[in-house]
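Understanding the architecture of this molecule
If you want the building blocks of each chain, they are given just below.
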Amino acid sequence: MSHEHAAAHEPSGLLKYVWSTDHKMIAFQYLFTGMAMALIGGFTVYVFRMQLAFPGEAVPLFGRVSASSYNALVTSHGSIMIFWVAMPVLIAAFGNYLIPLMVGCDDMAFPKVNRLSFQIFFLSAVLLTASFFVPGGAFGGAWTAYPPLSTSGVYNQTPIGATMWLVAVALEFVAFLLGGINFITTTMNSRAPGMRMFDIPIVVWMIVIASVLFMASVGPLVAGAVMLLFDQVIGTGFYDPARGGDPVLWQHLFWFFGHPEVYVVLLPAMGIVAEVMAVHARKRLFAYRTIVYTAVATSIISFFVWAHHQFVAGIDPRMASLFSVTTLIISIPVAEMVFVYIATLYGGAISLTTPMLWALAFLVEFLWGGVTGIFLGAAGSDIYFHDTYFVTAHFHYTFFPIAFIAGFAGITHWFPKMFGRMMDERLGKIHFWGTIISFNLIFLPLFITGAAGDHRRIFDYSGFPDLNLPYLQNLRIMATYALLAMIAFQVVFFYNFARSLRGGAVAGANPWKATTLEWLAASPPPHGNFPVMPTVYRGPYEYGVPDRADDFWPQYEPAGPAGQEPRLGAAGHGPAPSGAMAAPER
Amino acid sequence: MISWFVPQASTFAADVDSLIFLILVIVGAWFLLAEAVLFWLILRFRKREGVRSKYVTGDVKSEKRWVSYPHYAVLVFDVVIVVAALRVWNDVKVTDPVPEETVRVVSQQWAWTFVHAGPDGRLDTADDIKTVDDLYVQQNRTYRFELHSKDVLHSFSVPAFRLKQDAVPGRMIAGWFKPTLAGDFDIQCAEICGIGHGLMPARIHVQTATAHQEWLREHGVMPALAANTGAAGQGGAR
Ligand code: HEM
Ligand SMILES: [Cu+2]
Ligand SMILES: [Cu+2]
């Protein structure tokens, strides 16, 4: 645990922000870097969707889109959204901000490791962005970087961009490995007295489980990336069949990481949604422990599904049986998790605040992503759908809820804590409806083009008579118009964000009347977080407890005459231990 | 369903489509049910003045069954889907029927070369017919294809057949199809293969028996072509 918030050591001026080891400042660094990268990722998608809708025409603010820049834009878009938006915002920004506040300590266990993590992350973001400007341009071999296309400059024609992409991704991994150490250690060791394992808020559980999952899955890919780097720069032949290598080896290593990675970003998003739902529905989460168990089960099973990305990649076709089965098995805990979330609403007193709208929209939209995944996990139908826009639409119905919908739920929910002011509800709702409606209008048409065989990563359909049909083109144009609308609505968000920073109503410590520890701290919390370190007396979601005046019963509130009232909450029974530094596990 | 958009031009196209339809019915029903329950709960349990939320833990059996019963149902439907999916998969990808003819498909940045067996019906003989970006096959004839790549990954995708298979350099990957519908259909490269990935279209021409025999007679014995056949796996240059 850190005890180094002695004000005397603090640098001043801008350095105070750049050189800070305060977990909240590092969270903001991740948040704002992630938001900036989202703008870049959004710009790339604007350019390539304009090209798809109006092939060959100059795109405003960009110009004509060549085949090579199309590939580079798609590749960067995918890489940025996953590695430089979803991960930093969901895991690093919320993890850093929330974990110490929610487990009731003053900072991360290793604040300097935390700072190093961000610095490496920032470097990786700069490197990736810079790759647009090198000779040959940015890497265009898709975010999956399959060799031999990714290994050889002769094949991909972006020798510098390809290597920069690879190094940037590798640095990003290092940053998240360092960050994960902190999340896990802090949660395990620095909890407030009385906080037992099942008193930990779900979002903290989810970020910790995601960090463990990331650490466990990324190792093989790092090894694979080193081999890829050697193939690229010193001409080894790990993936070159002419020299005894095997290109499919990379696919196994990539997806062995890549599939768990989906859950690495999903779980924190589900965690955020759980917190928001509990607060704004005034409800205890339905079957708290089941949520934790299903998250663990999902993580474990996610190690056994990777080859469902490779059904038609030239693996032994009999293997498809195995991976079809595991893939459908993983649908069970995920479905269970969604059921539990839906069940949480039963008996609630739901306020449709902006954060709650986002949280509910997460469930509504994620269901689309979940059910369409079954078409792809079933080997027989994946033959047809593989690498079509059906896949693109499917995974955006998972990723968009994860990265953006849950992200907005979290930002609007914790904004008062972060900045001490409320966001504007009316602007929040305009932004919400504008974004959600246009999101669906982007991707519902793409399910149809995908079902009609539209395949992905094609910059111009004119060469394909069966795809170059007017009704398909109209759907593509519709998706692009919807994207333009969505981008326009983001202006509302940024305006609301900026205006509320100064002009929003003053929030006070606990504007939502919530129960978890972060709402005990002042808004915004000072360095060190709590004036007096809190003690935990009950589970995190005690809403609507009968026979109490308030409909919420904070974790930190002593239970009347000491030890008289039975201990409520997920942990169940027994008097709250007090005084112990870290709660014993049971 | 899929046949609204793309014709069914091979024996297994209808099987794939029925599988997709089966999944659509099952997950569609689930989807509608889940969304309906979700929206109903949102409307039913809106905050009302003076009404407190219920204290439901979800930890007791009588409450848990609200999620555990649907959960068992998911399991049952999963089994149905897996069985159906693997039957189709095995038919298309695992148990190849005895072919009547073999065709070689060679992909490269950014073109397809097709080696047809020619009038004698056998590959690697003097009468092989090599074409670029046009594949000619006969209706109702069972083909084995041998897929090669000369450089990076490509993918041999014939949507009208519901067939897709990646090509991997250094390997020969075999598969089969039996065209049932005469006509011309897209062959698309479905794996990103560099700058020209979007510029790698080809067509498959499914011909009736008579038309195909005609085509064979016209192209089958051109000495210039016959001279440079036989380079298995190297494919023909354009
Ligand atoms: C802002 C809304 C978004 C839109 C309109 C959008 C649109 C698209 C489209 C149309 C493609 C396919 C391009 C092609 O195949 O030629 C694509 C690819 C992709 N997108 Fe998005 N996307 C959005 C947000 C996201 C988010 C939030 C994520 C992830 C967190 C994401 C991850 C990806 C990935 C991984 C790919 C595949 C890239 C590749 O093929 O290498 N996108 N996106
Ligand atoms: Cu290709
Ligand atoms: Cu290609």
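A brief structural summary. (Residues numbered from 1 in each chain as written. Chains lettered and ligands numbered in written order. Predicted model: local features only at pLDDT ≥ 70, side-chain atom pairs only at ≥ 80, totals over all residues. Heavy atoms only, no water.)

**Examining the interface of chain A and chain B**
The interface of chain A with chain B comprises 98 residues on the first partner and 81 residues on the second. Here chain A meets chain B over a buried area of about 7,600 Å², counting both sides, of which 69% is carbon and sulfur. Ranking the residues of chain A by area buried against chain B places A:Phe339, A:Ile383 and A:Tyr384 at the top, with a combined share of 9%. Taken together, chain A and chain B are joined by four salt bridges. Linking A:Asp246 and B:Arg171 is a salt bridge whose minimum nitrogen-to-oxygen distance equals 3.3 Å. Remark: the boundary between chain A and chain B carries 28 residue pairs in polar contact (both at pLDDT 80 or more). For the side of chain A that touches chain B, the secondary-structure elements that each account for two or more residues are helix H3 (67-103), helix H8 (247-280), helix H9 (288-301), helix H10 (319-344), helix H11 (354-377), helix H12 (379-385) and helix H14 (425-451) of chain A. Residue contributions to the side of chain A that touches chain B peak at 13 residues, all from H10(A). Residue composition of the side of chain A that touches chain B, grouped by class: 60 nonpolar, 23 polar and 15 charged. (Contact = heavy atoms within 4.5 Å. Buried area = accessible area lost by both parts, 1.4 Å probe. Salt bridge = Lys/Arg side-chain N within 4 Å of Asp/Glu carboxyl O. Polar contact = N/O pair within 3.5 Å; in protein donor to acceptor, adjacent residues only side chain to side chain. Helix = DSSP H or I, 4+ residues; strand = E, 2+ residues; numbered from the N terminus. Nonpolar A, V, L, I, M, F, W, Y, C, P; charged D, E, K, R; others polar.)

**Here's the deal with the coordination of the copper ion (ligand 2)**
Residues and elements named next belong to chain B. Surrounding the copper ion (ligand 2) are the protein donor atoms His154 (ND1), Cys189 (SG), Cys193 (SG) and Met200 (SD), which sit 2.0 to 2.5 Å from the metal. Here the copper ion (ligand 2) is ringed by four donor atoms whose angles at the metal span 97 to 129°, and the overall shape comes out tetrahedral. Between consecutive donors of the copper ion (ligand 2), the numbers of intervening residues give the motif H-x34-C-x3-C-x6-M. The metal-metal distance between the copper ion (ligand 2) and the copper ion (ligand 3) comes to 2.5 Å, with Cys189 coordinating both. Here Cys189 and Cys193 have matching classes, each one buried. (Donors = N, O, S within 2.8 Å, 3.2 Å for Na, K, Ca; no water. Tetrahedral: all angles 85-135°; square planar, octahedral: opposite > 155°, others 65-115°. Buried < 20%, exposed > 50% of the residue type's maximum accessible area, 1.4 Å probe, protein only.)

**Here's the deal with the coordination of the iron atom of ligand 1**
Residues and elements named next belong to chain A. Looking at the iron atom of ligand 1, one finds its protein donor set to be His77 (NE2) and His396 (NE2), positioned 1.9 to 2.0 Å from the metal centre. Given six donor atoms and angles of 86 to 179° at the metal, the environment of the iron atom of ligand 1 is assigned as octahedral. Here the residue His77 occupies a position in helix H3, and His396 occupies one in helix H13 (residues 389-419), the gap between them amounting to 319 residues. The class for His77 is buried, based on a relative accessible area of 12%.

By themselves, these are just geometric observations and shouldn't be taken as functional.
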